[in-house]
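Descriptive structure summary
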Amino acid sequence: MKELNKQEQRIVEILGVDNLVVTLKSLTLYRDHLRKNLDTPCIITGVESFPWKEKYAVGYDDKTDYEALKKKQPCVTDIYELKRFEDPVNEVVGITVKVKRVNDNQRFIIDLAWLKAEDETSKNYTLLDDYSVWFVNY
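Our subject in this report is the structure included herewith.

Parameters at a glance
For every chain, the first residue of its written sequence is number 1, and the numbers climb from 1 along that sequence. Residue-level local features of this predicted model are given only where pLDDT is at least 70; pairs of side-chain atoms are given and counted only at 80 or more, and the full residue set underlies all totals for whole chains, interfaces and linings. Side-chain numbers come from the whole structure's heavy atoms, not from hydrogens or water. Each helix is a run of H or I in the DSSP string that is no shorter than four residues. Each strand is a run of E no shorter than two, and both are numbered from the N terminus. Any residue under 20% of the maximum accessible area for its type is buried, any over 50% is exposed, and the rest in between are partly exposed; the area is computed with a 1.4 Å probe on protein chains only. Only heavy atoms matter for contacts: two residues are in contact if any of them lie within 4.5 Å across the pair. Comment: axis = line fitted to C-alpha atoms, over the contacting stretch for helices; angle = value between 0 and 180 degrees taken between N-to-C directions. Just so you know how the angles are binned, under 35 degrees is roughly parallel, over 145 roughly antiparallel, 65 to 115 roughly perpendicular, and the rest oblique. Under the scheme applied here, ten amino acids are nonpolar (Ala, Val, Leu, Ile, Met, Phe, Trp, Tyr, Cys and Pro), four are charged (Asp, Glu, Lys and Arg), and all others, including Gly, are polar. In these notes, a set of buried Ala, Val, Leu, Ile, Met, Phe, Trp, Tyr and Cys residues joined through side-chain atoms within 4.5 Å is what counts as a nonpolar core. Pairing between two strands requires that DSSP report at least two bridges joining them.

Of regular secondary structure, the chain possesses 5 helices and 5 strands. Counting from the amino terminus, helix and strand elements in the chain follow one another as α-α-β-α-α-β-β-β-β-α. Counting over 138 residues, the chain shows a buried share of 41%. Contacts in the chain between residues far apart in sequence, at least 24 positions, make up 59% of those at least 6 positions apart.

Orientation of helix 2 (residues 24–37) relative to helix 5 (residues 123–137), taken along the N-to-C sense of each, is 175°, at an axis distance of 11 Å. The angle between the axes of helix 2 and helix 5 places the two elements in the roughly antiparallel class. Taken together, the residues of helix 5 that come into contact with helix 2 (itself represented by Ser 26, Leu 27, Tyr 30, His 33, Leu 34 and Asn 37) are Lys 123, Asn 124, Leu 127, Asp 130, Tyr 131, Trp 134 and Phe 135. The residue makeup of the contact of helix 2 with helix 5, split by class, is 7 nonpolar, 4 polar and 2 charged.

Tyr 30, Leu 34, Ile 95, Leu 112, Tyr 131 and Trp 134 are the most contacted members of the largest nonpolar core, which totals 30 residues. Elements supplying a minimum of two residues to this core: helix 1 (6–15), helix 2, strand 2 (79–85), strand 3 (96–101), strand 4 (107–111), strand 5 (115–117) and helix 5. Tallying contributions element by element places helix 5 first for this core, with 5 residues. In this structure, Tyr 131 is in contact with Leu 27, Tyr 30, Leu 34, Gly 94, Ile 95, Leu 112 and Ala 113, ignoring residues within four places of it in sequence.

What you tend to see is this: most non-glycine residues have negative phi, and most peptide bonds are trans. Here the amide bond leading from Thr 40 into Pro 41 is cis, since omega sits at 0°, within 30 degrees of zero. Locating Pro 41 in the fold gives a position in the loop between helix 2 and strand 1 (43–46). The phi dihedral of Asn 105 is positive, around 65°, even though this residue is not glycine. Here Asn 105 shows up in the loop between strand 3 and strand 4.

Each strand in a sheet pairs with another by means of backbone hydrogen bonds, the pair being arranged parallel or else antiparallel. Pairing is antiparallel across the open sheet formed by 5 strands, whose spatial order is 4-3-2-1-5. The open sheet has two edge strands with one neighbour each: strand 4 and strand 5. Between one strand axis and the next, the sheet turns by 45° as a mean value, whatever way the strands run. As paired strands, strand 1 and strand 2 are joined by 3 bridges and run antiparallel to one another. Bridge assignment links Thr 45 to a residue of strand 2, and that residue is Ile 79. In this fold helix 5 packs onto strand 1 and strand 5, with an angle of close to 155° to the strand it touches most, strand 5.

Glancing now at the side chain of Ser 26. In this structure, Ser 26 sits in helix 2. Here Ser 26 is in contact with Leu 15, Asn 19, Val 21 and Trp 134, once residues within four sequence places are set aside.

At a minimum axis distance of 9 Å, the contact between helix 1 and helix 2 shows a crossing angle of 100°. Relative to helix 2, the element helix 1 lies roughly perpendicular. Of the residues in helix 2, those touching helix 1 at Ile 11, Ile 14 and Leu 15 are Ser 26, Leu 29, Tyr 30 and His 33. Grouping the constituent residues of the contact of helix 1 with helix 2 by class yields 5 nonpolar, 2 polar and no charged.

If you want it as structure tokens, here you go:
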């Protein structure tokens, strides 16, 4: 067996070596771990562009339409407060969370793998980054 890096070691500590593949069971284990260990308030932002924005990134539609949608849709540059974990987990989208956008208090449900803690030196950043890496790679 290959030697695990620190991030892989943390993931194995959460799930065990027999639960590393993304399944309903492993997602539930990971969600429960995050519920218990994330510090609150958990202030988060996007990792990369959200799906609704893709067509605008490649030049479709006009800027006015984009600006109007940006007020109603979550955006990667927005700052959010994590409010709660949603049930159930899903093997396709993973863990979803309800968030509140800080600047206007709008609430959204977003895939947790699309989010990261705003403070890159925090425990929350490591916890969320480990989850995203695990979910995308396993």
